Amino acid sequence: MGVPFETLMPYAIILGMFGFSGAAMSKIRHMQNGGKRGRHSVDRWDQQMMERDLRLTGLLRGQTDTVKAPAGFAVSSRWKVEPYVQ
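Residues numbered from 1 in each chain as written. Predicted model: local features only at pLDDT ≥ 70, side-chain atom pairs only at ≥ 80, totals over all residues. Heavy atoms only, no water.

The name given to the protein chain in an unreviewed UniProt entry is NADH dehydrogenase [ubiquinone] 1 alpha subcomplex subunit 1, and the organism recorded there is Myriangium duriaei CBS 260.36. The record in UniProt for the protein chain states the following under Function (unreviewed entry): "Accessory subunit of the mitochondrial membrane respiratory chain NADH dehydrogenase (Complex I), that is believed not to be involved in catalysis. Complex I functions in the transfer of electrons from NADH to the respiratory chain. The immediate electron acceptor for the enzyme is believed to be ubiquinone." In the Sequence similarities (unreviewed entry) part of its UniProt record, the protein chain is described as follows: "Belongs to the complex I NDUFA1 subunit family." (UniProt positions renumbered as here; feature names shortened; annotations may be inferred.)

Here's what the structure looks like:
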């Protein structure tokens, strides 16, 4: 005796939703990383370099090869409690 296809439709819908949500999450993470693969085991040094890249380029994973820093780089420090001394 065969199984009617109507009984398998909810399983197909559930499987399709899992597939769609997994692909959507993967794409969102890919876009958040600036088109690069995700990072794993990020230590303190990597966090500092990613903060620096964020201040330089505006992207957490962005990198630049310019020799001079942009004009606002000197005052965009993460240390907010210290006064700016030139």
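**Q** Which parts of the structure should I look at to understand the overall build of the protein chain?
**A** Regarding its fold elements, the protein chain presents 2 helices and 0 strands. By residue count, 7% of the 86 residues in the protein chain fall in the buried class. Counting only contacts in the protein chain whose residues sit at least 6 apart along the sequence, the fraction spanning at least 24 positions is 19%. As displayed, the protein chain offers around 7,900 Å² of accessible surface, 63% of which is attributable to carbon and sulfur atoms. (Helix = DSSP H or I, 4+ residues; strand = E, 2+ residues; numbered from the N terminus. Buried < 20%, exposed > 50% of the residue type's maximum accessible area, 1.4 Å probe, protein only. Contact = heavy atoms within 4.5 Å. Areas by Shrake-Rupley, 256 points an atom, 1.4 Å probe, with all protein chains shown as cover.)

**Q** How do you make sense of the UniProt feature "transmembrane region" (unreviewed entry) in the protein chain when you look at a structure like this?
**A** UniProt's entry tags residues 12-29 with the feature "transmembrane region" (unreviewed entry), counted in the numbering of this structure. Taken end to end, residues 12-29 has its terminal C-alpha atoms 26 Å apart, with 100% of it in helix and 0% in strand.

**Q** What is the right way to look at unusual backbone geometry in this model?
**A** It is generally the case that most residues other than glycine have a negative phi and that most peptide bonds are trans. Here S41, not a glycine, exhibits a phi torsion of approximately 55°, which is positive. Looking at where S41 falls in the secondary structure, it is placed in the loop between helix 1 (9-32) and helix 2 (44-57). A residue is classified by how much of its surface remains accessible, and S41, at 72% relative accessible area, is exposed.

**Q** In this structure, what is going on with the pattern of salt bridges? I would like to understand it.
**A** Oppositely charged side chains may form a pair once their charged atoms are brought near each other. In the structure shown here, the tally under the stated rule is 2 salt bridges. Across the pair D46 and R39 runs a salt bridge, and its minimum N-O distance is 3.3 Å. Here R39 falls in the partly exposed class, since its relative accessible area comes to 37%. (Salt bridge = Lys/Arg side-chain N within 4 Å of Asp/Glu carboxyl O.)

**Q** What should I look at first to understand the environment of A74 in this one?
**A** Inspection of the secondary structure puts A74 in the segment after helix 2. Residue classification places A74 among the partly exposed positions, given a relative accessible area of 47%. A C-alpha to C-alpha distance of 9.6 Å links A74 and R55, two positions 19 residues apart in sequence.

**Q** Sorry, what's going on with the side chain of R61 here?
**A** Take R61: it is sitting in the segment after helix 2. Lacking a salt bridge, the buried R61 has D53 as its closest oppositely charged neighbour, with an N-O distance of 7.2 Å. (Lys, Arg positive; Asp, Glu negative; His and termini not counted.)

**Q** Before we go on, may I ask you to explain a nonpolar patch on the surface in this structure?
**A** A cluster of nonpolar side chains, V3, L8 and Y11, forms an exposed patch at the surface whose accessible area comes to about 360 Å². For Y11, the location among the structural elements is in helix 1. (Patch = residues over 30% accessible without salt bridge, like charges linked within 9 Å, V, L, I, M, F, W, Y side chains within 5 Å.)

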